[in-house]
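The lines below spell out each chain.
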Amino acid sequence: MAALGWLTPRRRSATARSVLAGEASAEAARKTALAEAGAEAGIEAPAVEAPLEEPPAEPEFPVAGDDLAAAFFDLDNTVMQGAAIFHFGRGLYKREFFQRRELARFAWQQAWFRLAGVEDPEHMQDARDSALSIVKGHKVSELMAIGEEIYDEYMAERIWPGTRALAQAHLDAGQKVWLVTAAPVETATIIARRLGLTGALGTVAESVDGIYTGRLVGEPLHGPAKAEAVRALASAEGLDLARCAAYSDSHNDIPMLSLVGHPYAINPDTKLRKHARTNDWRLRDYRTGRKAVKVGVPAAAGVGAIAGGAAAAIALHRRRK
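The sections below set out a description of the structure shown in this document. These numbers were taken from a predicted model, which means no experiment stands behind them. (Residues numbered from 1 in each chain as written. Predicted model: local features only at pLDDT ≥ 70, side-chain atom pairs only at ≥ 80, totals over all residues. Heavy atoms only, no water.)

## Some remarks on the pattern of salt bridges
Part 1: All told, the structure shown has 15 salt bridges when counted by the stated rule.
Part 2: The salt bridge involving Arg194 is made with Glu148; its shortest N-O contact spans 3.1 Å. On the criterion of sequence distance, the pair formed by Arg194 in helix H8 (residues 185–194) and Glu148 in helix H6 (residues 140–155) is long-range, its members being 46 residues apart.
Part 3: Shared partners join several salt bridges into a network, and the residues in it are Lys94, Arg95, Glu149 and Glu153. (Salt bridge = Lys/Arg side-chain N within 4 Å of Asp/Glu carboxyl O. Helix = DSSP H or I, 4+ residues; strand = E, 2+ residues; numbered from the N terminus.)

In structure tokens, the structure reads:
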């Protein structure tokens, strides 16, 4: 019956824990961005990948010099193919943080994510619970260092060039660009830094004296919690949300997309595509190389991509035997 629950995601409204998660994520994101901006010039930072040359979606947007605007990008299947938490789990397995049976679980979760193309809250929560139990007792600094390596090993080649170009258009216009994801804020911050973005809003795991406790602050940054994080960050940064943009692939992010004046559906799932069509939101679909200004163009992953995702997960498990 649990599997059937994945097929029928539940729509949730913001709760006190959602607000707490959003505010904690916004505070962590701003602190990290300020710390990195004020870092000593002599410290060597990880290399930032060169931006791709591609024009913005529409000539008149984003508006250059509009410092009251910013852009918010979902991560999983919007900026990057697959889910960051699963790639992170693969990297931790390689470093013997957990056993083969747990790897099989991560492989199955990644295969499901690729096959279903949706972020079911219960499914994603299960993955995060697994990750929290694995990192409990480890130093935050240790996981950050490992995260840099994992990005190079599993994530760098999975960045969607088209979405990256959209983010770069906002940066070129002088606007801040933030990732907004249910992935751990540390992982999200690494990805944002590598792509040259401003920073990241992500799930905040509790730590005491630099050691993970295995608990979260609030709840995972998912659904309504993402909207609360964006709202909190916009308030702290003095942004006008009506002039901001948001990008996502998932109907779970409709609360976040609905906050801004320029919502985009990127590689959308069926429910988001339907909602976007109803509300005349813009679409970009990079899974088949097609682009469309309006949502009238169908968004299909393709049988080859689906089969490839499942095969990759299964092959990974077999290679570790």
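## Quick notes on the nonpolar core
Part 1: Phe73, Leu75, Leu92, Met155, Leu179, Ile191 and Tyr247 are the most contacted members of the largest nonpolar core, which has 43 residues in total.
Part 2: Dropping the residues within four chain positions of it, Phe73 is found in contact with Val79, Thr163, Leu166, Ala167, His170, Val177, Trp178, Leu179, Val180 and Tyr247.
Part 3: Counting residues in hydrophobic clusters, the runner-up holds 29 residues, among them Ile254, Leu259, Ala276 and Leu283. (Core = buried A, V, L, I, M, F, W, Y, C linked by side-chain atoms within 4.5 Å. Buried < 20%, exposed > 50% of the residue type's maximum accessible area, 1.4 Å probe, protein only. Contact = heavy atoms within 4.5 Å.)

## Overview of the pairing of strand S3 (residues 199–203)
The side chains of a regular strand alternate, first on one face of the sheet and then on the other.
Part 1: Most of S3 is tucked away: 5 of the 5 residues are buried.
Part 2: One ladder, built from 4 bridges, connects strand S2 (residues 176–184) with S3; its direction is parallel. Within S3, the residue paired with Pro184 across the bridge is Thr203.
Part 3: After leaving S2, the chain enters H8 and then returns to the sheet as S3, a path that is right-handed. (Pairing = 2+ DSSP bridges. Right-handed = clockwise from strand over helix to strand, strands pointing away.)

## Details of the pairing of strand S1 (residues 70–74)
Part 1: With 5 of 5 residues buried, S1 lies mostly within the body of the structure.
Part 2: Where burial is concerned, the two faces of S1 agree: the one with Ala70, Phe72 and Asp74 and the one with Ala71 and Phe73 are both buried.
Part 3: Across 5 bridges, S1 lies against S2 in parallel orientation. Considered in S2, the bridge of Asp74 is made with Val180.
Part 4: The sheet contact formed by S1 and strand S6 (residues 245–248) spans 3 bridges and is parallel. Among the inter-strand pairings, Ala71 is bridged to a residue of S6, identified as Ala245.

## Focus: H8
One full turn of an α-helix is made of 3.6 residues, so residues set three or four places apart face in the same direction.
Part 1: The element H8 is largely enclosed, with a buried count of 10 among its 10 residues.
Part 2: Among all positions in H8, only Val185, Glu186, Thr187, Ala188, Thr189, Ile190, Ile191, Ala192, Arg193 and Arg194 are buried.
Part 3: Of the residues one or two after H8, Gly196 is the one with positive phi, at around 75°.

## With respect to the packing of H6 against H8
Part 1: Orientation of H6 relative to H8, taken along the N-to-C sense of each, is 50°, at an axis distance of 9 Å. For the element pair H6 / H8, the angle class is oblique. You can see that H6 and H8 cross each other, and the crossing is right-handed. Contact residues: H6 offers Val140, Met144, Gly147, Glu148, Tyr151, Asp152 and Met155, while H8 offers Glu186, Thr187, Ile190, Ile191, Arg193 and Arg194.
Part 2: Split into classes, the residues belonging to the contact of H6 with H8 amount to 6 nonpolar, 2 polar and 5 charged. (Axes fitted to C-alpha atoms, helices over the stretch in contact; angles between N-to-C directions. Parallel < 35°, antiparallel > 145°, perpendicular 65-115°, else oblique. Left-handed = near helix turned anticlockwise from the far one by under 90°. Nonpolar A, V, L, I, M, F, W, Y, C, P; charged D, E, K, R; others polar.)

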